[in-house]
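Observations on the three-dimensional arrangement
Listed below, chain by chain, are the residues.
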Amino acid sequence: MRKLLLFSIITSVGIIFIARLFYLQIYKPQAYNLYEDNAIRKVYDYPKRGYIYDRHGALLVANQPSYDVMVIPREVEPLDTLELCSLLKITKEDFIDIYNKAYTYSPRLPSVFIPQLSRNDFAMLQEKIRKFEGFYIQKRSLRDYQRSIGANVLGDIGEANEYIIQKNPYYKMGDLLGKQGVEKTYEEVLRGVKGIKFIQKDRFNRDIGPYKNGIYDTLPQAGRDITITIDATLQEYGELLMEHKRGGIVAIEPATGEILAMISAPTYNPNLLVGRQRSANFTKLYNDTIAKPLYDRGLQAMYPPGSPFKILNALIGLQEGVVTTEERFGCNHGYSYGGRKMGCHGHPSPVAMNGGIYNSCNAYFANVYRRIIDKYKKPSEGMDIWSKHVKSFGLGNYLNNDLSVGQPGKIPDSKTYNRIYGENRWGSTYNLSNAIGQGEILTTPIQLANMAAAIGNRGYYYTPHIIKKIQGGEIDSTFTKPIHTTIDKKHFEPIVQGMFDVYNHGTASTVQIPGIEICGKTGTAENFIKIDGVKTQLTDHSIFVAFAPKDNPTIAIAVFVENGYWGSRFAGRIAGLMIEKYINGEITRKDMETWILTHGLESEYQKPYSGQPFTINKGATIDIIPLEKDEKQNNELKSNNNLGIRPKSSEDQ
Amino acid sequence: MITAQRESRGLRLDWITIVLFLLLVGFGWVNILSASHQGEVTNYFDMEQPFGKQALFIILTLALIILTLAIEAKFYERFASIIYFASLLSLLGLFIFGKNVNGATSWYAFGGMTLQPSEFAKFATSLAVAKYISDLQTNIRTLKDQLRCIAIIVIPAILILLQNDAGSTVVYGAFFFVFYREGLQRIYLIIGVVLILLSVFALKFGIIFTVILTAVVVFGIHFFGKRKRPMLIETISVLLLCIGFAFGVKYFYDDILKEHQKDRISLWLRLESDPEKLEEMKQTILYNLNESEKAISSGGLAGKGFLQGTRTTGKFVPEQHTDYIFSTVGEEWGFLGSALVVILFVALLTRILYLAELQKSQFSRVYGYCVASILFLHFMINIGMVMGLIPTIGIPLPFFSYGGSGLWGFTILLFIFVKLDSNRLYDW
């Protein structure tokens, strides 16, 4: 026994030590990571971010240098706080607050202390930063928007937050990355790859030399330039036309699916989201929950499409063989069924397909729709076939494109109605509003523009996309493959003719442009909001969907103007002007242009928030905007990049 | 064994022990090189650098080994007392000629070299203890001889403590294992364990809890113990002594210990509950331990490789080439290398114990036990400290840590035993 005491203690201590080593070295640690080793200083070399050009090679986005003050809290030595505060132009309370935040994030890793110094502040600080241990200046490059257009298209860059850093270890605190628009979708192309140098430190935080003679160091790879499909001139013109209105315009080149213009109103100057004022301005834009300038109405706003949707019902009717182009249907100021009536406006009766389209006859399309749904024994069967045809035009789902935001819209099928009414306990009359693009249908402007492109192409479309060229790379091959609709090519001609007649002598005859054959369809969509919990109808949305020229179209466009009343009133005019601008480069319908520039809807938008009873549609109000003053203001906007968001209401001016 | 008997006297050395020794010294030097080099190493004998000096120390050690082995085995037994008194003199001399390094007056300075007599006092005391216990007149079970044995170890221990080298003093506790092996009553072992438990409980869980627990245990043994029931008055005396001791520990901790010693114990027993204070302690007194644990952890399974440890290269662990040398092993050689070092030590210690039990002469056996116990205490305290299992006590890792005195002291300690062992077949 006595002999064994020391022996057993020695062996137990040996086993305990090995167990402790196992715990310390194998069980406890994460895999060794050079990046997390605080004995190694990581110095990043940020490459130049790629430029963005428009389709004609005009520079839209370039770079400007920016300087961040960084801090590594643990390395901070006692310092003259007042001097640093005055150099950085912050108060001592700010200083303590920011320092504590940085310390909470990590005492060892660098945090941004003051982001994006102005050039003057940088010059002052550069001389003195050495005095403050633990602080240093990191050079970065910021965006420089050459023109104050396309904020919703281009997007912006901002600092990586902790969520992003956790998700993607490439990003470190303070790194900039694309937050919206093409900056976000083409982030990896634009940003390049940052270089890194690993430097061995000693425990006094002094650099000893490159870690392992720099074998892990990398050189930065410059970001690549991209060319986007946007036509800057058209985009700028569209933004001008949409001033004092809310809504969206999307224009697509049908032969390629390239997005020519993508306008959301109201919008803002992209230079607002650059530099030190970014977060203040972003908060301002973000908090405007009524005008929602950050909300891309061209991509995200789901509206009932209204009459433009009728064209699809005509195409499906022909494809399913339930109607011919010659067959006529009567219209007695509407369509009566089962004791109810869907109203229509006054026009010659009866009408065949061509007349049905250009007169936008509700009764005609009610008949066609019912025949499609009732073609089979069960309405659910007809419904699903109808739904399949509609969806083949890219409606009812995401378009799978390269835009940072989007909405699927909504196209009903038999399941939708089985859920509402019960299995097969419904018929075509239950959802007759689908005939005229109301009811359960929701679409976004880009989907309608794409639909117009598919019709203009007589049966196929390319996924609408924003990228035209990547320096030293190829664009996604899905954007160059045509997607065919389920409608045969031969059925398109009569429909296209009908849309052309809308423009010749139908609901859009007021927007005729000399020398351009436009095929279009107006729309007027009822819409409702909740005011204090009460469903309230507002003035109809003004919608116009078109492509031009009639044969081999070069532009397909969808215009939505919120509460703009009937289709040709705002949307039709704007679409006509956009088409003329794009095809001819200049405007002959100066009268139409002047009308659009001098009419706004700000007061109309204020109504629901006034708390007073208000009238809609025929009782709608319209603002008259003095042209001269407006132009002056535009000039100011262009001359001063730092001006705020474009005026939201006439009272602001 | 028959062939071994026929071998000549000088050659019958225990090569297992010697190989283990050489492995430890060699691997130790490799790690000292890692921990102390700056930039490219061009000259392994660069006398400006610790690794260069250590290389010289090692070469001198080889000469020292030859000298130790060349001396007649009986010399150590006969001259044990003289060596012991010479060692005490060298310790006393420090009070007059000593040089102060890091607050401890433990060194003689000769020109550029320094010598630390406390490192040599270990083998001197071991010889004295072996000599005294192996004396035919001595009976370790009597109180008189127990007190004398204790006197032999306490005198050098106190001298070292007075030089402010508390770490080295603790090592003298190792002789308890020797006494116990040689017949010290079991009650001392029990008392020792009870006192340690009482100290830990009193500090960790407070006096009241300790008193209640002690009372429950003591009366439990009194009423339900298998032995003949002792008198109640005896049991109560034991209980009172225990309670008195618990209070004594508390008083010692609160009022006698210095702040930094208190903090070390407080950290070890996790007494500090205020997170802010704890964080502050981590930045100050726990800094070494914190950095050393991080260095070891970062080594992972196979380590970062020789001269590749980032924390070692950056000199993040203070005193890394001396007391914290094991953290270099941890970082650069990983779990495999560190476990190997632990296994080498355990192998060396058990080999010494095994050989000690084989000795025919009591002097050799006792001395072997002294060697094993002293080396073991160093091994346990040093590695335990570096890995955060034991409160910080600054003593070197034998054969591994940088330092000439330490290396020579341990080498002589070990090789006297190798010599004694080589002589065992001629002992009777």
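Residues numbered from 1 in each chain as written. Chains lettered and ligands numbered in written order. Predicted model: local features only at pLDDT ≥ 70, side-chain atom pairs only at ≥ 80, totals over all residues.

Scanning chain B from N- to C-terminus turns up 19 helices and three strands. Per-residue burial over chain B gives 43% buried out of 428 residues. Across chain B, contacts joining residues at least 24 apart in sequence account for 68% of those joining residues at least 6 apart. (Helix = DSSP H or I, 4+ residues; strand = E, 2+ residues; numbered from the N terminus. Buried ≥ 20, exposed ≤ 12 C-beta atoms within 10 Å, placed from the backbone. Contact = placed C-beta atoms within 7 Å.)

Attention now moves to unusual backbone geometry. Residues and elements named next belong to chain A. The omega torsion of the bond from alanine 265 to proline 266 falls at 0°, within 30 degrees of zero and hence cis. A cis geometry characterises the amide bond from alanine 548 onward to proline 549, with omega recorded as -15°. With respect to the helices, strands and loops of the structure, proline 549 is situated in the loop between strand E19 (534–548) and strand E20 (555–561). With a phi angle near 60°, lysine 89 is a residue other than glycine that sits in the positive phi range. Within the secondary structure, lysine 89 sits in the loop between helix H2 (81–88) and helix H3 (92–105). One non-glycine residue, asparagine 400, lies in the positive phi region at around 55°. Inspection of the secondary structure puts asparagine 400 in the loop between helix H15 (379–391) and helix H16 (414–421).

A:Ala251, A:Ala449, A:Ala452, A:Ala546, A:Ile557 and A:Met578 are the most contacted members of the largest nonpolar core, which totals 127 residues. In this structure, this core is formed jointly by two domains, domain 1 (40–228) and domain 2 (232–321 + 347–652) of chain A, each of which donates at least three residues. Aside from chain neighbours lying at most four places away, what touches A:Ala449 is A:Val250, A:Ala251, A:Ile252, A:Ala556, A:Ile557 and A:Ala558. The next biggest cluster of nonpolar side chains, apart from the first, holds 105 residues, and it includes B:Val25, B:Ala174, B:Ile352 and B:Tyr402. (Core = buried A, V, L, I, M, F, W, Y, C linked by C-beta atoms within 7 Å. Domains from an automatic or database assignment.)

Residue and element names in this part refer to chain B. Here helix H10 (residues 186–205) crosses helix H12 (residues 232–256) at 55°, and the two axes come no closer than 9 Å. As the angle between them shows, H10 and H12 are arranged oblique. The hand of the H10/H12 crossing is right-handed. Here Leu195, Leu198, Ser199, Ala202 and Leu203 of H10 come into contact with H12, specifically with Cys242, Phe245, Ala246, Val249, Lys250 and Tyr253. Here the contact of H10 with H12 is built from residues that sort into nine nonpolar, one polar and one charged. (Axes fitted to C-alpha atoms, helices over the stretch in contact; angles between N-to-C directions. Parallel < 35°, antiparallel > 145°, perpendicular 65-115°, else oblique. Left-handed = near helix turned anticlockwise from the far one by under 90°. Nonpolar A, V, L, I, M, F, W, Y, C, P; charged D, E, K, R; others polar.)

What follows concerns the sheet that holds strand E11 (residues 247–253) of chain A. Residues and elements named next belong to chain A. Read from one edge of the open sheet, five strands run E12-E11-E20-E19-E18, paired in antiparallel fashion. Edge positions in the sheet fall to strand E12 (258–265) and strand E18 (519–531), since each has one partner strand and no second. The mean inter-strand angle of the sheet, taken between neighbouring strand axes irrespective of direction, is 10°. Here seven bridges tie E19 to E20, and the two strands are oriented antiparallel to one another. Opposite valine 545, over in E20, you have alanine 558 as the bridge partner. (Pairing = 2+ DSSP bridges.)

A separate point is the interface of chain A and chain B. Between chain A and chain B, the residue contacts involve 28 residues of the former and 34 residues of the latter. Looking at the side of chain A that touches chain B, the elements that each hand over two or more residues are helix H1 (2–27) and strand E8 (195–201) of chain A. Broken down by element, the side of chain A that touches chain B gets its largest block of residues, 17 residues, from H1(A). Tallied by class, the residues present in the side of chain A that touches chain B amount to 16 nonpolar, four polar and eight charged.

All names here are of chain B. Relative to each other, helix H11 (residues 207–224) and H12 sit at 160°, their axes nearing to 10 Å. Taken together, the axes of H11 and H12 are roughly antiparallel relative to one another. With respect to the hand of their crossing, H11 and H12 are arranged in right-handed fashion. Contacts between H11 and H12 pair Ile207, Thr210, Val211, Thr214, Ala215, Val218, Phe219 and His222 from the former with Thr235, Val238, Leu239, Cys242, Ile243, Ala246, Phe247 and Lys250 from the latter. Residues that form the contact of H11 with H12 fall into these classes: 11 nonpolar, four polar and one charged.

Summary statistics for chain A give a mean pLDDT of 84 and a share of 94% for residues scoring 70 or more. Ranking the elements of chain A by mean pLDDT puts helix H22 (residues 627–639) of chain A last with 50 and E11(A) first with 94. (pLDDT = per-residue confidence, 0-100.)

Residues and elements named next belong to chain A. Direction of pairing for E18 relative to E19: antiparallel, over a ladder of 12 bridges. By the bridge assignment for E19, isoleucine 529 is matched with threonine 536. Following E18, the chain reverses through two residues before pairing antiparallel with E19; aspartate 532 in that reversal takes a positive phi of roughly 50°.

All names here are of chain B. On average, residues of chain B carry a pLDDT of 86, and 96% of them reach 70 or more. Confidence over residues 1–8 falls short of pLDDT 50; this stretch has three contacts with residues more than four positions distant or in other chains. Here the predicted complex scores 0.61 on pTM and 0.90 on ipTM.

Residue and element names in this part refer to chain A. Spatial strand order, E1-E8-E9: three strands in an open sheet with antiparallel pairing. Single-partner strands in this sheet number two, and they are strand E1 (40–45) and strand E9 (207–210). Pairwise comparison of adjacent strand axes, ignoring direction, gives a mean angle of 35° for this sheet. Relative to E9, E8 runs antiparallel, the two sharing three bridges.

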